[in-house]
Amino acid sequence: MNGFGLSPQLKSYPAGRSITELEAVQFLNGCKDPSAKSGAFFYLREPDFLGTVPEAWRADFATESEEAKVRMADLKERLEKHEGLASVGRYTCQWGGVAQGRPYVKGLEEFGARVLRDLWESLCHHFLQGDGPKVNGELKEPEENILQESFQELQQKRFCARTKLLQATAAQLRGGSICVVSGECGQGKTVFLAALAQELRAKAPRHGDPAPLYHIVAHFTRARPDQASVQVMLGRLCALLRKQLKQPPAPPTSYRGLVAQFSALLHSVAQSLKRRQSLVVLIDGADLIHAAGGQLVSDWLPERLPQRVSLIISVSEESALLSSLKRRKDVTVISLGPLDPPDRVVMVRKDLALYGKKLEESPFNNQMRLVLLKRGSKQPLYLMLLTQDLRLFALYEKVRGLVWGGGWASSS
């Protein structure tokens, strides 16, 4: 319980209570605004479900004793007294049967949709609602920055492969050029760009100068569906670049104005930089950027970059944009190929370790080797999906059957 940091009031709470109850009571006791809208959601299973469970498996779903039953009823009553602060609802489900020697339920689709809806409405209420700043079509720019930064941080934490390629890319970055990171779908372009942004931010200043070596402006089109809109992207990038200037220009009122200002701001910011500083603009999923009508556009790309500005974009290997960019003299292409075996091992270990799990790697039961023999294991996306499935598969002695005889056999 050390990780939960229980409040002093709970130290005198009756012994023998569950962690779930202690967490619920701590939340109810610790809320400073009893009138606040629901900050916690509790979902109770409809009691008639037990009547559908075979007698042999009923103990897996029922309370373990009469005493536990009384404690559960007491907790439910306590929660219902805090209506408004804590939302209490019921959900239905059905007996699903037995799989791998374990009972399971089904019919949870409506329950899952309700949880998602409740959480989204709560997030909107606490963090997204309100009249955020809108200037000539720029959509709540601070909110979008939080979204982008959170998305980038999440992707960067997943980075654990291609370290040498990352360092080489950062080292050979030069001003006045476009660096294109290409690769097939699922090869980890988004993670690579997020890690590259972090690598450049961490570059130590030279000669004791406290100013950062690189000013990084990044945009990830996959952070949210609307982030691939060319007007949303340019509006946000122009807003960030204007902040770099002491006397910024007024926000444009048209798409053509955004395109022209984006190019002009790159030159203006380059001139305002201190000596040895550079501006790096990263755009992930540049081949996904589209106009209001849905058609893909690339006319926002500057025809020429200032010498102290670098543009790093990622595109799919099959995109028409990549073919077009290869004809430019100021473009360098970095291709993300299949993962090397050592990188695959590191990725699997890291993903499973997050949940306290690991694969056996002994000579007589090398489960890791089974995973690496899969043809799809060369792709980061495949490994991520596979490890997600493995961590949910509690019977690790049956991993061989899951990998080779289950849903992953089609990629062998």
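Quantities reported herein were computed from a predicted structural model and do not represent experimental measurements.

A. Broad picture of the confidence of the model for the protein chain. With 83% of its residues at a pLDDT of 70 or more, the protein chain has an overall mean of 83. In this model, residues 1-6 is a region of pLDDT below 50 whose contacts with residues beyond four sequence positions or in other chains number nine contacts. Confidence over residues 131-140 falls short of pLDDT 50; this stretch has 18 contacts with residues more than four positions distant or in other chains.

B. Up close: the nonpolar core. Counting residues in each nonpolar core, the largest one holds 38 residues, and the members touching the most others are L234, L279, I283, W300 and I313. Within the residue set of this core, elements represented by two or more residues are strand 5 (177-183), helix 7 (230-242), helix 8 (255-272), strand 7 (278-284), strand 8 (309-316) and helix 9 (320-325). For this core, the element with the most residues is helix 8, which contributes eight residues. With sequence-adjacent residues up to four places away left out, L234 is seen in contact with Y255, L258, V259, F262 and W300.

C. Up close: the pattern of salt bridges. Applying the stated rule across the entire model yields ten salt bridges. With its nearest N and O atoms 3.2 Å apart, the salt bridge here joins E55 to R58. Residue K157 is joined to E153 by a salt bridge in which the shortest nitrogen-to-oxygen separation is 3.5 Å. Here E153 and K157 lie together in helix 4 (residues 141-157), a separation of four residues that amounts to about one turn. For K157, a relative accessible area of 53% gives the class exposed. Through salt bridges with shared partners, a single ionic network connects E143, R224 and D226.

D. Region of interest: unusual backbone geometry. One non-glycine residue, R162, lies in positive phi territory at about 60°. Overall, R162 belongs to the buried group, its relative accessible area being 11%. Despite not being glycine, R276 has its phi angle at roughly 70°, a positive value. Within the fold, R276 resides in the loop between helix 8 and strand 7.

About the cut-offs
- Residues numbered from 1 in each chain as written.
- Predicted model: local features only at pLDDT ≥ 70, side-chain atom pairs only at ≥ 80, totals over all residues.
- Heavy atoms only, no water.
- pLDDT = per-residue confidence, 0-100.
- Contact = heavy atoms within 4.5 Å.
- Core = buried A, V, L, I, M, F, W, Y, C linked by side-chain atoms within 4.5 Å.
- Buried < 20%, exposed > 50% of the residue type's maximum accessible area, 1.4 Å probe, protein only.
- Helix = DSSP H or I, 4+ residues; strand = E, 2+ residues; numbered from the N terminus.
- Salt bridge = Lys/Arg side-chain N within 4 Å of Asp/Glu carboxyl O.

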